[in-house]
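# Notes for the structure review
So the chains spell out like this:
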2 protein chains.
Amino acid sequence: MAAVTIRDVARQAGVGIATVSRVLNDSPLVSEDTRQRVQTAIAALDYSPSSVARRLSGGRSMAIAVIAPFFTRRSYVERLQGIEHVLSAGGYDLILYNVETVARRDECLRALPRGERLDGLLILSLGPDDAEVERLQQIGVPTVLIDTYHDTLPTVTVDDEAGARAAVEHLIALGHRRIAYVGEQLDDNPFHFRPIDDRYRGYRAALAAADLPFVPEYHRQGKYGWREARRMAHDLLALAAPPTAVFAYSDTMAFGALEAAQQCHITVPDQLSVIGFDDVEIAQHFRLTTIRQPLYETGARGAELLLELLDSDVSRPAPHIVLPTELVARHTTAPPAANP
Amino acid sequence: MAAVTIRDVARQAGVGIATVSRVLNDSPLVSEDTRQRVQTAIAALDYSPSSVARRLSGGRSMAIAVIAPFFTRRSYVERLQGIEHVLSAGGYDLILYNVETVARRDECLRALPRGERLDGLLILSLGPDDAEVERLQQIGVPTVLIDTYHDTLPTVTVDDEAGARAAVEHLIALGHRRIAYVGEQLDDNPFHFRPIDDRYRGYRAALAAADLPFVPEYHRQGKYGWREARRMAHDLLALAAPPTAVFAYSDTMAFGALEAAQQCHITVPDQLSVIGFDDVEIAQHFRLTTIRQPLYETGARGAELLLELLDSDVSRPAPHIVLPTELVARHTTAPPAANP
DNA sequence: CTGTTAGCGCGTTCAC
DNA sequence: GTGAACGCGCTAACAG
């Protein structure tokens, strides 16, 4: 019953199979008369073309694949939401590939664009290397990168370095001198997440610009998550000369720092300032001062860009959209205690 | 380079095309010798089979659609993760449809199974009515319902009523008598979310079983979200005889209650006990006592069930899996203050 | 064990 | 304008 094909429609309408195809693809070379007949037949048979067959034969599949690492993390969910909105508005299906291991990452990047015939590809955060990019272009899958960068591919990113700098500058302007950074591991970055490097650089840059020394002790690295961040913050707080402020790689990590402070009976922001990055939804709940990055918009813009590329296959140079970050001052930052 | 097909591999290995196919599908009817040759050729050519072609000839699209309302909410994300894991392990694509309005809900339920060729359908939380269920069955799309129930369709749910009852019983066992319920609106439930009714019933049932009167004043309803919950909790706390404990519909709403208490300088759990529902990830962070429901497992089981149904198209009666909930006692509940 | 052949459902030249 | 025939890459019968 679900097996009504284009042939059935053709027979029903008393036309050839190609004519049905033309009608389906809005070809102008069909007389209004037969177009009507075909459409009636389609409706009568409740026919819908097989996207699989369509893909195989080279037509549009109306499907976009989204490759996302750790899509459960709040920041990805928000970007995904942006993507979903514009894709569904454009009538495209969103095929989600979650990536949690390097193996799966390679598998997706390699086998997927070749094996699946999709209209486009959206890659979140995963930094593809040159070889992979070249493969994508050879295969001819329109691709847009979100939250990661490559010269030859269209990208939508945020200026992480500037954002991080703004965060630290905010702390410095408040009067802080001993500023710690709780970040993700720089050396162990299998997915090539750019923000890991960029935010660290921003931290260093702000310090340098203010002639503040970089204290290696104040730079902590660990895995993602508030538990790890809490541990690192505990270490920081136990230092002989503890920092008066901490800049966290992400809001999630900032929450960990907040909790560590609470456990040590250190009040925020009086005795310790904490600033995060992302401005995920619950950040307001914690009244967290943070660097807001437009997560939803990043996803939406990326998807829009891809859809534009699909229509105008003019291969102009790859656009690189950079969205601004913004300091959102709430209640976890303040001038340092009088005499530390 | 970009177009290496099974034929290229066959030529390279000096074998027939079918043999390559056999090797790809782990058929035992290939000599170890040729198998080796083929695999060498595959590696040499960096070949990967086109899943699209495979689908077309196999008659299956290897795609499962997931219809989820508000997939950005934590509880849905966790269920989605479970679904994603088993689907990708089974080689299926996950096509995601986000539903935020009733209109889109109807659109998905109607147009989707018709338009796309999917092997199966997973519906989260959205309670389809009889007519919709009938359509699905007519079209012949294997469907599994998660977090919602229908007689004739396979379902994976949690006993929300029992969970809610356990929450309130926990409070009662602690000595509480004035127990409030902060829930979602009972009368305005366009998506037909079952837990909204069930948890309320559990609350009432626990009260009744302990011969505690139901105090309408203690029953608050509002929209989803911690802001709304915070507002409701504020109202509750301003009562002449405020409750000594509140059971929240979800962890998210519990967080709102927690914040309201904090704003009123009411300490938790000494002056007020708060219990939630779900046990989402951050609940631990808040040290929230809550009713844990196996979100990930619910999604995973639903997906597994669907995959099983796909293989064995024996139309046995629809199975109804009910997963247990569990009280997770942390630090937001305690006996009520001595003399309220 | 292995090679050949016929579809899977649709898009796309081509002749008519 | 329209229809028949071929091909997309692969799997599943068949033969050998």
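If you're wondering where the values come from, they're calculated on a predicted model, not measured in any experiment.

Criteria and thresholds
- Residue indices begin from 1 for each chain and proceed along its sequence in written order.
- Chain A is the first chain written and ligand 1 is the first ligand written, with later ones labelled in order.
- Confidence filtering applies because this is a predicted model: local features only for residues at pLDDT of at least 70, side-chain atom pairs given and counted only at 80 or more, and all residues used for totals across whole chains, interfaces and linings.
- Only hydrogens and water are set aside when side-chain values are computed; all heavy atoms of the structure are taken into account.
- A molecule or strand has a residue near it when one of that residue's heavy atoms lies within 4 Å.
- Polar contact is the term for a pair of N or O atoms within 3.5 Å; when the atoms are in protein, one must be able to donate a hydrogen and the other to accept it, and sequence-neighboring residues count only if both atoms are side-chain atoms.
- The helix and strand labels rest on DSSP assignments: H or I over at least four residues marks a helix, E over at least two residues marks a strand, and numbering proceeds from the N terminus.
- To define a nonpolar core, start from buried Ala, Val, Leu, Ile, Met, Phe, Trp, Tyr and Cys residues and group those joined through side-chain atoms within 4.5 Å.
- In this scheme, a residue with accessible area under 20% of its type's maximum is buried, one over 50% is exposed, and one in between is partly exposed, where area comes from a 1.4 Å probe on protein chains only.
- Contacts are assigned to residue pairs with any non-hydrogen atoms lying within 4.5 Å of each other.
- Under the grouping applied here, Gly and all other residues not named as nonpolar or charged are polar, the nonpolar ones being Ala, Val, Leu, Ile, Met, Phe, Trp, Tyr, Cys and Pro and the charged ones Asp, Glu, Lys and Arg.
- Alignment of the copies relies on least squares applied to C-alpha atoms, considering only residues that score at least 70 for pLDDT in both.
- Each C-beta atom gives one direction from the helix axis, and the arc is the one those directions make.
- All domain edges in this entry derive from an automatic or database-based domain assignment.
- Here a strand pair is declared whenever DSSP counts at least two bridges between the two strands.
- Here the quantity called buried area is the total loss of accessible area, with a 1.4 Å probe, experienced by two parts when brought into contact, counted for both.
- Throughout this description, the term salt bridge denotes a Lys or Arg side-chain nitrogen within 4 Å of a carboxyl oxygen of Asp or Glu.
- Here the expected length of a helix is defined as 1.5 Å per residue gap, with one fewer gap than residues.
- Fitting a line to C-alpha atoms yields each axis, with helices limited to the stretch in contact; the angle taken between N-to-C directions then spans 0 to 180 degrees.
- The labels follow the angle: roughly parallel below 35 degrees, roughly antiparallel above 145, roughly perpendicular from 65 to 115, and oblique for the rest.
- UniProt positions are given in the numbering used here, feature names are shortened, and annotations may be inferred rather than shown by experiment.

### Notes on the protein's contact with DNA strand D
In the vicinity of DNA strand D lie 26 residues, with Thr19 and Arg22 of chain A together with Ile6, Tyr47 and Arg54 of chain B positioned nearest. A breakdown of the atoms of DNA strand D within 4 Å of the protein gives sugar and phosphate a share of 64%. Take Thr19 of chain A: an N or O atom from its side chain is 2.5 Å from a phosphate oxygen of DNA strand D. Note that a base oxygen of DNA strand D is positioned 2.5 Å from one of the side-chain N or O atoms of Arg22 of chain A. Mapped onto the surface near DNA strand D, the elements with two or more residues apiece are α2 (17-24) of chain A together with α1 (6-13), α2 (17-24) and α4 (51-58) of chain B.

### Details of the nonpolar core
The biggest cluster of nonpolar side chains holds 190 residues, and the ones touching the most others in it are Ile83 and Phe247 of chain A together with Ile83 and Phe247 of chain B. When sequence neighbours within four positions are dropped, the list of residues in contact with Phe247 of chain B reads Ala164, Ala167, Val168, Leu171, Ala180, Tyr181, Val182, Arg199, Tyr203, Ile275, Gly276 and Phe277 of chain B. Val4, Ile6, Val20 and Ile42 of chain A belong to the second largest nonpolar core, which has 13 residues in total.

### Notes on the protein's contact with DNA strand C
Contacts to DNA strand C come from 25 residues, most closely from Ile6 and Tyr47 of chain A together with Gly16, Thr19 and Arg22 of chain B. Of what DNA strand C places within 4 Å of the protein, 61% of the atoms are sugar or phosphate. In this structure, a phosphate oxygen belonging to DNA strand C sits 2.5 Å away from a side-chain N or O atom of Thr19 of chain B. In the environment of DNA strand C, a base oxygen lies 2.4 Å from a nitrogen or oxygen atom belonging to the side chain of Arg22 of chain B. Those elements giving two or more residues to the surface near DNA strand C turn out to be α1 (6-13), α2 and α4 (51-56) of chain A together with α2 and α4 of chain B. The dominant element in the surface near DNA strand C, judged by the number of residues it contributes, is α2 of chain B, at four residues. Of the residues in the surface near DNA strand C, the class split is 11 nonpolar, 11 polar and three charged.

### Details of the relation of the copies chain B and chain A
Mapping chain B onto chain A calls for a screw motion: a turn of 177° about the axis and a shift of 1.6 Å along it, with 2.8 Å RMSD after fitting. Such a turn and shift between the copies fits a two-fold axis. By residue overlap, the copies meet face to face through one surface: 98% of the interface positions of chain B are interface positions in chain A.

### Structural notes on the environment of Val144 of chain A
All names here are of chain A. Among the structural elements, Val144 can be located in strand β4 (residues 143-146). Classification of Val144 as buried rests on a relative accessible area of 0%. Considering only alpha carbons, one finds Val144 and Pro154, 10 residues apart in sequence, at a separation of 5.1 Å.

### Notes on helix α7 (residues 130-139) of chain A
Residues and elements named next belong to chain A. Looking only at α7, the buried set comprises Glu132, Val133, Arg135 and Leu136. One side of α7 carries all its buried residues, which in axial view fall inside an arc of 160°. Residues of α7 that are buried in the fold lie against α6 (102-115), β3 (120-124) and β4. A distance of 3.1 Å separates the backbone nitrogen of Ala131 from a side-chain oxygen at the start of α7, and that oxygen is part of Asp129.

### Remarks on the domain arrangement of chain A
Once the domains are mapped, chain A shows domain 1 (1-59) and domain 2 (160-293). Taking the mean C-alpha position of each, domain 1 of chain A and domain 2 of chain A sit 59 Å from one another.

### Things to note about the pairing of strand β5 (residues 155-158) of chain A
Residue and element names in this part refer to chain A. What you see with β5 is no split at all: Thr155 and Thr157 on one side and Val156 and Val158 on the other are buried throughout. Bridge count for β5 against strand β11 (residues 320-323) is four bridges, and the pairing is parallel. Bridge pairing in β11 links Val156 to Ile321.

### Overview of the interface of chain B and chain A
Counting residues at the interface gives 45 residues for chain B and 47 residues for chain A. Of the roughly 4,300 Å² buried where chain B meets chain A, counting both sides, 53% is carbon and sulfur surface. Per-residue buried area on chain B facing chain A is highest for Val52, Arg117 and His285 of chain B; these three make up 16% of the total on that side. Ionic pairing is found between Arg104 of chain A and Glu84 of chain B, a salt bridge with its closest N-O pair at 3.6 Å. The tally of links from chain B across to chain A stands at 19 residue pairs in polar contact (both at pLDDT 80 or more). Secondary structure elements with two or more residues in the side of chain B that touches chain A: α4, α5 (74-89), β2 (93-99), α6 (102-115), α7 (130-139), α10 (226-237) and α11 (251-263) of chain B. When residues in the side of chain B that touches chain A are grouped by element, the largest group, seven residues, is from α5 of chain B. Of the residues belonging to the side of chain B that touches chain A, the class tally is 19 nonpolar, 14 polar and 12 charged. In the sheet, strand β2 (residues 93-99) of chain A pairs with β2 of chain B via two bridges, with the strands oriented antiparallel.

### Topic: α5 of chain B
All names here are of chain B. Across its 16 residues, α5 extends 23 Å between first and last C-alpha, which sits within 8% of the 22 Å expected from 1.5 Å per residue. Of all the 16 residues making up α5, 12 are buried; the element is thus mostly covered by neighbouring parts of the structure. When we look at burial in α5, the residues that qualify are Ser75, Tyr76, Val77, Glu78, Arg79, Leu80, Gln81, Gly82, Ile83, Glu84, Val86 and Leu87. Gly91 occupies a position one or two residues after α5 and carries a positive phi of about 80°.

### A word on the sheet that holds strand β5 (residues 155-158) of chain B
If you walk across this open sheet you meet the 12 strands as β11(A)-β5(A)-β4(A)-β3(A)-β1(A)-β2(A)-β2(B)-β1(B)-β3(B)-β4(B)-β5(B)-β11(B), and the pairing is mixed. The open sheet has two edge strands, β11 of chain A together with β11 (320-323) of chain B, and neither has a second partner. Between one strand and the next, the sheet's axes are offset by a mean angle of 20°, whatever the strand orientation.

### Regarding the packing of α1 of chain B against α2 of chain B
All names here are of chain B. Two elements in contact, α1 and α2, have axes whose closest approach is 8 Å; the angle formed by their N-to-C orientations is 105°. One element, α1, and the other, α2, form an angle in the roughly perpendicular class. Of α2, the residues touching α1 (which contributes Ile6, Arg7, Val9 and Ala10) are Ile17, Val20, Ser21 and Leu24.

### Quick look at the UniProt feature "domain: HTH lacI-type" (unreviewed entry) in chain A
The residues that UniProt annotates with the feature "domain: HTH lacI-type" (unreviewed entry) are residues 4-58 of chain A. Measuring from the first to the last C-alpha atom of residues 4-58 of chain A gives 21 Å, for a span that is 65% helix and 0% strand.

### Thoughts on unusual backbone geometry
In this structure, the amide linkage connecting Val268 of chain A to the following residue, Pro269 of chain A, adopts the cis form with an omega of 5°. Mapped onto the elements of the fold, Pro269 of chain A is located in the loop between α11 (251-263) and β9 (273-278). The phi dihedral of Asp278 of chain A falls on the positive side, at around 125°, and the residue is not glycine. One can find Asp278 of chain A in strand β9. One non-glycine residue, Asp147 of chain B, lies in the positive phi region at around 65°. Here Asp147 of chain B falls in the buried class, since its relative accessible area comes to 8%.

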